[in-house]
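Residue-level structural notes
Chain by chain, the residues run as shown.
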Amino acid sequence: MEVFVIFVDRRKKRLIMKLAEALIIRADLQKRVAQLKARLKDSARVQEGDEPAEAVKDLFAELESHLAELESLIYRINVTNMQTLSEGESLTRMMARKDVLTTRLSVMREVLAHVTDSDPRYGRNEIKYVRTVDVAALRRSTDEYSKQLRELDTKIQSLNWTVELVEACGGSPTAPFSNA
């Protein structure tokens, strides 16, 4: 059971939610949508003469409700990420930097693993492979980028638990399944 700490600002009569809580709720909604998708597929086609386990129309209504909530939440998270600044850098920019650091480290680690594998030669007449990179320098760089990633991730997580999610703005989501 998940417990969320959502405060009510009695002066403005609104709910106050931390960004991290919104991210947890978003993940939960995405899981629910995936589960509904599976349930819809199970009920949308049945063997002739059988009844579907659940009413497809009801499942689509539930799906629409979750998707509308998800859309609103994603929008609010994105706006919050753009508006949140730390040391002159937006949270969105930090997340992009984190994604690139993660990709960079993945490539560097794979190259390290590739060049440090033992040479599979079985005899002197077989082709010998040589390294064209400085393994020690590549390891030092990998360690430095790993440290940067850890520090950045810690900073992002800290912001997630201190920043309040922005309120929803106007506009209503579309309802593509409402006539199903």
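Residues numbered from 1 in each chain as written. Predicted model: local features only at pLDDT ≥ 70, side-chain atom pairs only at ≥ 80, totals over all residues. Heavy atoms only, no water.

All right, on to the overall build of the protein chain then. The helix and strand inventory of the protein chain stands at four helices and four strands. Secondary structure elements in the protein chain, listed N-terminal to C-terminal, are β-β-α-α-β-β-α-α. Going through the 180 residues of the protein chain one by one, you find that 27% of them count as buried. A separation of at least 24 residues holds for 66% of the contacts in the protein chain among residues at least 6 apart in sequence. Accessible surface, the protein chain as shown: approximately 13,300 Å² in total, 52% of it carbon and sulfur. (Helix = DSSP H or I, 4+ residues; strand = E, 2+ residues; numbered from the N terminus. Buried < 20%, exposed > 50% of the residue type's maximum accessible area, 1.4 Å probe, protein only. Contact = heavy atoms within 4.5 Å. Areas by Shrake-Rupley, 256 points an atom, 1.4 Å probe, with all protein chains shown as cover.)

Turning to the confidence of the model for the protein chain, a few remarks are in order. Averaged over the protein chain, the pLDDT score is 87; the fraction of residues at 70 or greater is 85%. Note that residues 1-8 has pLDDT below 50 and, in this model, 15 contacts with residues that lie over four places away or in other chains. Within the model, the stretch residues 171-180 combines pLDDT values under 50 with 12 contacts to residues more than four positions away or in other chains. (pLDDT = per-residue confidence, 0-100.)

Pairing between side chains of opposite charge can happen when the charged atoms of each approach one another. Enumeration over the complete set of coordinates arrives at six salt bridges. With its nearest N and O atoms 3.3 Å apart, the salt bridge here joins Glu87 to Lys155. Here the residue Glu87 occupies a position in the loop between strand S3 (85-86) and strand S4 (89-90), and Lys155 occupies one in helix H4 (residues 135-162), the gap between them amounting to 68 residues. A relative accessible area of 22% places Lys155 in the partly exposed class. Because the salt bridges share partners, they merge into one network encompassing Arg39, Glu54 and Glu62. (Salt bridge = Lys/Arg side-chain N within 4 Å of Asp/Glu carboxyl O.)

Across its 28 residues, H4 extends 40 Å between first and last C-alpha, which sits within 8% of the 40 Å expected from 1.5 Å per residue. Within the sequence span of H4, burial applies to Val135, Leu138, Thr142, Ser146, Leu149, Leu152, Ile156, Leu159 and Asn160. Its buried side turned inward, H4 meets helix H1 (19-44), S3 and helix H3 (91-116). A distance of 3.2 Å separates the backbone nitrogen of Ala136 from a side-chain oxygen at the start of H4, and that oxygen is part of Asp134. (Expected span 1.5 Å × (residues − 1). Polar contact = N/O pair within 3.5 Å; in protein donor to acceptor, adjacent residues only side chain to side chain.)

In this section: the nonpolar core. Of all hydrophobic cores here, the largest spans 18 residues; its most connected members are Ala22, Leu73, Ile77, Leu91, Met94 and Leu165. At the level of elements, H1, helix H2 (56-83), H3 and H4 are the ones that each hand at least two residues to this core. Sequence-distant contacts of Leu91, that is, excluding residues within four places in its chain, are made with Leu19, Asn81, Thr84, Ile156, Leu159 and Asn160. (Core = buried A, V, L, I, M, F, W, Y, C linked by side-chain atoms within 4.5 Å.)

Close contact between H3 and H4 brings their axes to 9 Å; oriented N to C, the two are set at 150°. As judged from the angle between their axes, H3 and H4 are roughly antiparallel. Relative to H4, the crossing made by H3 is left-handed. Looking at side-chain class alone, the contact of H3 with H4 contains 16 nonpolar, seven polar and seven charged residues. (Axes fitted to C-alpha atoms, helices over the stretch in contact; angles between N-to-C directions. Parallel < 35°, antiparallel > 145°, perpendicular 65-115°, else oblique. Left-handed = near helix turned anticlockwise from the far one by under 90°. Nonpolar A, V, L, I, M, F, W, Y, C, P; charged D, E, K, R; others polar.)

In this section: the side chain of Asn81. Structurally, Asn81 can be placed in helix H2. Aside from chain neighbours lying at most four places away, what touches Asn81 is Leu19, Ser90, Leu91, Thr92 and Met95.

This part is about H3. Note: α-helices contain 3.6 residues per turn, so residues at a spacing of three or four share the same orientation. Over its 26 residues, H3 extends 37 Å from the first C-alpha to the last, a length consistent with the 38 Å expected when each residue adds 1.5 Å. Restricting attention to buried positions, one finds in H3 the residues Leu91, Met94, Leu101, Leu105, Met108, Leu112 and Val115. Considering only its buried residues, H3 is in contact with H1, H2, S3, S4 and H4.

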